Amino acid sequence: MDIRELARHLGLSIGTVSRALNGRKDVSPATRKRVIDAAKTHGYIPNQSGRTLRSGRTGTIGFMLTLEHDSAMHGDPFFMALLEGVQNGLSEHDLDLAVLLARKGEDGLTFLRRHVSRGTVDGWVLSGTQHEDARIAFLLDRAIPFVALGRTATARDYAWIDLDFEGLVAESMRLLTDAGHRRIGLVAPPATINNSQIVVQAYRAALERAGIAFAPALVHHGETDESDGEATASELMALPERPTALLLMGETAPVGAYRALRRMGLEPGRDVAVIGLRDNPACRALSPDLTCFSLDLDDLGLALARGMVAMLPGQYDATKPLVQQLWTMKLRLRQSHLAPPRVG
């Protein structure tokens, strides 16, 4: 049933039905209720194309993903769970979520320019934030609403939520250095990704607090997926002075690291201490159980959605601060970190 049929069924003008459906105050509460009830009963769905032309809004928020580091292409379940939370939060405001994938190798700014010129969505959730991220300035300069999952080096004010990587690394390193480990291998994301910068800075600060010299050979930047975890663990354990512990900042990197260690005759949790990033489904079958961190991705997604909605026309309040939040993660102590700091 379209709006003309709905109006004819109710014996009302199309304009009255339209104003009632849009919550206009010039329609009586009784008429508004009658229209809304009939719309539900008869399955009326508004023509979004027409509404977009009239209002200039699509009712859709875009979540930008890439086919490189931050996608689920490498068996990474993080974003699938996060997106459910974002959609739940947007649904509270009758907004839809569109996941938009940048082409492999495509510059993020080029991708945004294309979609902004098309008016694809009303606002953006950005992920995979770079240390120097041109997308931030592009959206700020055009007053396009957005919230970033992650910080950047920009000094300009914008809405963001980021995992507390500083706290995560500090807690992990304290656990290892207090146990006597002095050679700790770090597997971090690509150096262009902002959280990689944060992780390495926190790692170096933890070493300094423990009176341990920084060894560049113990730090690896890569995709931090299962394949990278396996390759990096093999490289690190082949060093003349190999690490006695590994800190793996990737969702599925521990799966590959466990495989590499066992291929070399080393047992995680007995010969090499291992700490992972997150308690995700891919790592729950590992034995010994992986010491790692947990977070509620649904809650994080809801927070991103609410931060996004607060930026939209009709919701934005310049007197209120933008969301800028470090999202804490809880350490789950299991068995994989218990290996003593001996060198075989």
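Worth saying up front: this structure is predicted, and the values here are computed from it rather than measured. Starting from 1, residues in each chain are numbered consecutively following that chain's sequence as written. Thresholds applied to this predicted model are a pLDDT of at least 70 for local features of residues and 80 or more for the giving and counting of side-chain atom pairs; totals over whole chains, interfaces and linings are not thresholded and use all residues. Here the side-chain values reflect all heavy atoms present in the structure, with hydrogen atoms and water set aside.

## A look at the state of the cysteines
In a disulfide, the sulfur atoms of two cysteines are covalently bonded to one another.
Line of reasoning, step 1. The definition used for a disulfide is geometric: two cysteine sulfur atoms within 2.5 Å. Throughout the structure, instances matching the rule amount to 0 disulfides.
Line of reasoning, step 2. As a non-bridged cysteine, Cys283 has Cys292 as the owner of its nearest cysteine sulfur, 6.9 Å distant.
Line of reasoning, step 3. Between buried and exposed lies partly exposed: a residue is buried under 20% and exposed over 50% of the maximum accessible area for its type, with that area taken using a 1.4 Å probe on protein chains only. Residue classification places Cys292 among the buried residues on the basis of a relative accessible area of 1%.

## So, the pattern of salt bridges
Line of reasoning, step 1. For this document, the term salt bridge refers to a Lys or Arg side-chain nitrogen within 4 Å of an Asp or Glu carboxyl oxygen. Enumeration according to the criterion identifies 17 salt bridges in this entry.
Line of reasoning, step 2. Among the ionic pairs, Arg306 bridges to Glu92, the shortest N-O distance being 3.2 Å. One end of the pair, Arg306, is in helix 12 (residues 297-309); the other, Glu92, is in the loop between helix 5 (78-91) and strand 2 (96-102), and 214 residues separate them in sequence.
Line of reasoning, step 3. One salt-bridge network, held together by shared partners, links Glu226, Glu230, Arg259 and Arg263. Only DSSP runs of H or I reaching four residues or more are called helices, and only runs of E reaching two or more are called strands; each is numbered from the N terminus.

## Here we look at the domain arrangement of the chain
Line of reasoning, step 1. Assigned domains of the chain: these are domain 1 (3-46), domain 2 (60-163 + 296-329) and domain 3 (165-294).
Line of reasoning, step 2. Computed over C-alpha atoms only, the centres of domain 1 and domain 2 are separated by 34 Å. All domain edges in this entry derive from an automatic or database-based domain assignment.

## Digging into the environment of Gly62
Line of reasoning, step 1. Positionally, Gly62 belongs in strand 1 (residues 60-66).
Line of reasoning, step 2. For Gly62, a relative accessible area of 0% puts it in the buried group.
Line of reasoning, step 3. In sequence terms Gly62 and Leu97 are 35 residues apart; their C-alpha atoms lie 6.0 Å from each other.
Line of reasoning, step 4. A contact between two residues is defined here by any heavy atoms of the two lying within 4.5 Å. Residues in contact with Gly62, not counting those within four places in the same chain, are Ala98, Leu100, Val121, Gly123, Trp124 and Val125.

## Considerations on the nonpolar core
Line of reasoning, step 1. To form a nonpolar core, buried Ala, Val, Leu, Ile, Met, Phe, Trp, Tyr and Cys residues must be joined to one another through side-chain atoms within 4.5 Å. Core analysis: the biggest nonpolar cluster contains 57 residues, and Phe63, Leu82, Val169, Leu186, Tyr203 and Leu300 have the highest contact counts within it.
Line of reasoning, step 2. Each of two domains, domain 2 (60-163 + 296-329) and domain 3 (165-294), supplies a minimum of three residues to this core.
Line of reasoning, step 3. Those residues within four positions of Phe63 in sequence are excluded, and the remaining contacts are Phe79, Leu82, Leu83, Val86, Leu97, Ala98, Val99, Leu100, Val125 and Ser127.

## Quick notes on helix 5
Line of reasoning, step 1. Here a helix's expected span is defined as the number of its residues, less one, multiplied by 1.5 Å. The end-to-end C-alpha separation of helix 5 is 20 Å, in line with the 20 Å expected for 14 residues at 1.5 Å each.
Line of reasoning, step 2. Within helix 5, burial applies to Phe78, Phe79, Leu82, Leu83, Gly85, Val86, Gly89 and Leu90. Summarising the axial view, the buried residues of helix 5 lie within an arc of 160°, below the 170-degree limit, and thus occupy one face. Residues of helix 5 that are exposed and point more than 90 degrees away from the buried face comprise Met80 and Glu84.
Line of reasoning, step 3. Each element contacted by the buried residues of helix 5 is listed here: strand 1, strand 2, strand 4 (146-149), strand 9 (273-278) and helix 12. This arc is built from the directions going out from the helix axis to the C-beta atoms.

## Section: the sheet that holds strand 6 (residues 184-188)
The strands that make up a sheet are held in pairs by hydrogen bonds between backbone atoms, and each pair lies either parallel or antiparallel.
Line of reasoning, step 1. What makes two strands pair is DSSP finding at least two bridges between them. The strand order across the open sheet formed by 6 strands is 7-6-8-9-10-12, and the pairing between neighbours is mixed. For this open sheet the edge positions go to strand 7 (219-221) and strand 12 (330-332), each flanked by a neighbour on one side alone. Between one strand axis and the next, the sheet turns through 15° on average, direction left out of account.
Line of reasoning, step 2. The pairing of strand 6 with strand 7 spans 3 bridges and is classified as parallel. Across the sheet, residue Ala188 finds its bridge partner in strand 7, namely His221.
Line of reasoning, step 3. Under this scheme, a helix contributes an axis fitted over its contacting stretch, all axes are lines through C-alpha atoms, and angles between N-to-C directions fall in the 0 to 180 degree range. Running at roughly 155° to strand 8 (residues 245-248), helix 11 (residues 253-263) makes contact with strand 8 and strand 9 of the sheet.

## Digging into the sheet that holds strand 1
Line of reasoning, step 1. Taken in spatial order, the 6 strands make up an open sheet running 2-1-3-4-5-11, and their pairing is parallel. Each edge of the sheet is formed by a strand with only one pairing partner; in this case those strands are strand 2 and strand 11 (324-327). The mean angle between the axes of side-by-side strands here comes to 20°, regardless of whether they run parallel or antiparallel.
Line of reasoning, step 2. Relative to strand 5 (residues 160-163), strand 4 runs parallel, the two being bridged by 2 bridges. The residue of strand 5 that forms the bridge with Ala148 is Trp160.

## Details of the packing of aromatic side chains
Line of reasoning, step 1. Centres within 6.5 Å make a pair out of two Phe, Tyr or Trp rings, where for Trp the six-membered ring is used; the pair is then stacked when the planes are under 30 degrees apart, edge-to-face when over 60, and tilted otherwise. Summed over the entire model, instances satisfying the criterion amount to 4 aromatic pairs.
Line of reasoning, step 2. Judged by centre distance (6.0 Å) and plane angle (80°), the rings of Phe63 and Phe79 are edge-to-face. Placement of the pair is Phe63 in strand 1 and Phe79 in helix 5, with a sequence separation of 16 residues. Summarising the burial analysis for this pair, Phe63 and Phe79 share the class buried.

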